[in-house]
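If you want the building blocks of each chain, they are given just below.
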Amino acid sequence: MPTKYLFAASTGGHLAQLHRLAEHLDGSEDSLWVTFRSPQSESLLHDRRVMYIPYIRPRDARGVARGMASIGRLLRQERFDRVMSTGAGIALAVFPLTRLRRIPNDYVESVSRVQGPSLTGRIVAASSLASTWTQHASWASKRWKLRSSVLAGFRSVPKQAPPADRAPLRVFCTLGTIEGYRFDSLIDRLIDVSGPGAHLVWQLGYSARDGLPGTTHSLMSNAAFEDAALTADVVVTHSGVGTILKLLDLGIRPVVVPRRSARNEHVDDHQEQIAALVEREGLAVVRESDELKQDDLRLASRLAVEPLIGRHDDAR
């Protein structure tokens, strides 16, 4: 009999990973997704039952408390068989309440946490709020059981028809949607190195600014994002798991640039970990924002990715 799940994840990479995991679970049609409203969630979950709650910022105790109030009202009205979350803070709004109701909870740590669990993961594990899972064998343990990585199953290949090296590049740059953190260092560098005549399309998220060359968007629909990515010679992205997964699924080998906490571009430097992972697997060209060169853009424009034969993910 199918399991009625409560799926909970923040938008971005957390939601992208949970959506991929859920594809291999025997979830019932009346399973419910709890997340934040965004073009990504509206597109990804258009055919699912969804409850949107207010955005919870990183390390936002008040946001977690507001989320718990919403989840509390939900659980008084509806019953679930199992809960799964990939974080971040939204897991802390859900697990304490579902644990009190003796509903089994599963927490799958983000693939971006290559060296160990996030703050949310450490809280969940220390409080025994859920069964905890890692996607990396290097730090699996009795407490953190191993499951297959959502990034497994791709390989880099040459593009069938790469752009001429002397032609102006068509560049799509996407900076993610995390609130409160800008990524001006990448914007400034890309303007400098994209080359004369380059055609630039930007998804700026919360790094909006005036006077940029090319076409700018704050947020893009899924269809618009895919069109911009597939018509570009090269895609440059922050080191966000959700964006990287989507680009790999589209057959794109991107240029990945990690955000840095020292420049107030993110809450910590975990983006470096996922950048190192995709570089090691040959799935991206990885550079720091101040090291990016036009040759890196040219290199990525000549490469693509494709799924390996027999690729699959475990159910849990």
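Residues numbered from 1 in each chain as written. Predicted model: local features only at pLDDT ≥ 70, side-chain atom pairs only at ≥ 80, totals over all residues. Heavy atoms only, no water.

Novice: Can you help me understand the packing of aromatic side chains in this one?
Specialist: Between two aromatic rings, the relevant description is the distance of the centres plus the angle of the planes. Applying the stated criterion to the full structure yields seven aromatic pairs. Ring geometry for Phe95 versus Tyr107: centroids 6.4 Å apart, planes at 80°, classification edge-to-face. Taken together, the residues span a long stretch of sequence, with Phe95 in helix 4 (residues 89-100) and Tyr107 in strand 5 (residues 105-108) at a distance of twelve residues. With relative accessibility at 0%, the residue Tyr107 sits in the buried group. Every member of this aromatic cluster is reached through a ring pair, and the members are Phe95, Tyr107, Trp139 and Trp144. The lysine or arginine in question, Lys4, covers the ring of Phe80, its NZ or CZ lying 4.9 Å from the ring centre. Here Lys145 stacks its cationic end above the ring of Trp133, 4.7 Å away from the centre of that ring. (Phe/Tyr/Trp six-rings, centres within 6.5 Å; stacked < 30°, edge-to-face > 60°. Helix = DSSP H or I, 4+ residues; strand = E, 2+ residues; numbered from the N terminus. Buried < 20%, exposed > 50% of the residue type's maximum accessible area, 1.4 Å probe, protein only. Lys NZ or Arg CZ within 6 Å of the ring centre and 35° of its normal.)

Novice: Would you mind going over the packing of helix 1 (residues 13-22) against helix 8 (residues 241-249) with me for this structure?
Specialist: Relative placement of two packed helices is described by the angle separating their axes and the distance separating the axes. Where helix 1 meets helix 8, the axes come as close as 6 Å, and the angle between the chain directions of the two elements is 50°. By the angle between their directions, the pair helix 1 and helix 8 is classed as oblique. Side by side, helix 1 and helix 8 meet where Gly13, Ala16, Gln17 and Arg20 of the first sit next to Val241, Gly242, Leu245 and Asp249 of the second. (Axes fitted to C-alpha atoms, helices over the stretch in contact; angles between N-to-C directions. Parallel < 35°, antiparallel > 145°, perpendicular 65-115°, else oblique. Contact = heavy atoms within 4.5 Å.)

Novice: Would you mind going over the side chain of Glu265 with me for this structure?
Specialist: Mapped onto the elements, Glu265 comes out in the loop between strand 13 (255-257) and helix 9 (270-280). On the accessibility criterion, Glu265 (2% relative accessible area) is buried. Looking at Glu265, its side chain comes within polar contact range of the main-chain nitrogen of Arg260, at 2.8 Å. (Polar contact = N/O pair within 3.5 Å; in protein donor to acceptor, adjacent residues only side chain to side chain.)

Novice: What's the story with helix 10 (residues 294-301) in this structure? I'm lost.
Specialist: For the α-helix, the turn length of 3.6 residues means that residues three or four positions removed from each other point alike. Among all positions of helix 10, only Asp296, Leu297, Arg298, Ala300 and Ser301 are buried. Of the surrounding secondary structure, the elements contacted by the buried residues of helix 10 are helix 6 (184-193), strand 12 (234-238), strand 13, strand 14 (285-286) and strand 15 (303-307).

Novice: Could you clarify how one ought to interpret the pairing of strand 10 (residues 199-203) in this entry?
Specialist: Put simply, side chains in a regular strand alternate between the two faces of the sheet. For strand 10, the tally of buried residues reaches four of five residues, placing the bulk of the element in the interior. By the bridge criterion, five bridges tie strand 9 (residues 170-174) to strand 10 in an arrangement that is parallel. Counterpart to Arg170 in the pairing with strand 10 is His199. Handedness of the β-α-β unit built from strand 9, helix 6 and strand 10 comes out right-handed. By the bridge criterion, three bridges tie strand 10 to strand 11 (residues 215-217) in an arrangement that is parallel. Across the sheet, Gln203 pairs through a bridge with His217, a residue of strand 11. (Pairing = 2+ DSSP bridges. Right-handed = clockwise from strand over helix to strand, strands pointing away.)

Novice: Before we go on, may I ask you to explain the side chain of Glu109 in this structure?
Specialist: With respect to the helices, strands and loops of the structure, Glu109 is situated in the loop between strand 5 and helix 5 (119-126). It turns out Glu109 is buried and unbridged, and the closest side chain with the opposite charge, Arg113, is 4.8 Å from it. A polar contact of 3.1 Å, which involves the side chain of Glu109, links it to the side chain of Tyr107. Of the polar contacts made by the side chain of Glu109, one reaches the backbone nitrogen of Ser118; its length is 2.8 Å. When neighbours within four sequence positions are excluded, Glu109 is seen to be in contact with Gln17, Pro117, Ser118, Gly121, Trp133, Gln135, Trp139 and Trp144. (Lys, Arg positive; Asp, Glu negative; His and termini not counted. Salt bridge = Lys/Arg side-chain N within 4 Å of Asp/Glu carboxyl O.)

Novice: What is the right way to read the nonpolar core from this model?
Specialist: Buried together is how nonpolar side chains tend to be arranged in soluble globular proteins. Core analysis: the biggest nonpolar cluster contains 32 residues, and Phe7, Met84 and Leu151 have the highest contact counts within it. Residue assignment for this core shows that the elements contributing at least two residues are strand 1 (5-9), helix 1, helix 8 and helix 9. Top contributing element to this core by residue count: helix 1, with five residues. Ranked by size, the runner-up nonpolar core spans 29 residues in total, among them Leu6, Leu92, Val94 and Leu97. (Core = buried A, V, L, I, M, F, W, Y, C linked by side-chain atoms within 4.5 Å.)

Novice: For this particular structure, what's the right way to read the packing of helix 7 (residues 222-231) against helix 8?
Specialist: In the contact formed by helix 7 and helix 8, the axes pass within 11 Å of each other and the chain directions differ by 65°. By crossing handedness, the relation of helix 7 to helix 8 is classed as right-handed. Note on element contacts: helix 8 touches helix 7 through Thr243, Lys246 and Leu247, opposite Asn222, Phe225, Glu226 and Ala229. Per-class residue counts for the contact of helix 7 with helix 8 are three nonpolar, two polar and two charged. (Left-handed = near helix turned anticlockwise from the far one by under 90°. Nonpolar A, V, L, I, M, F, W, Y, C, P; charged D, E, K, R; others polar.)

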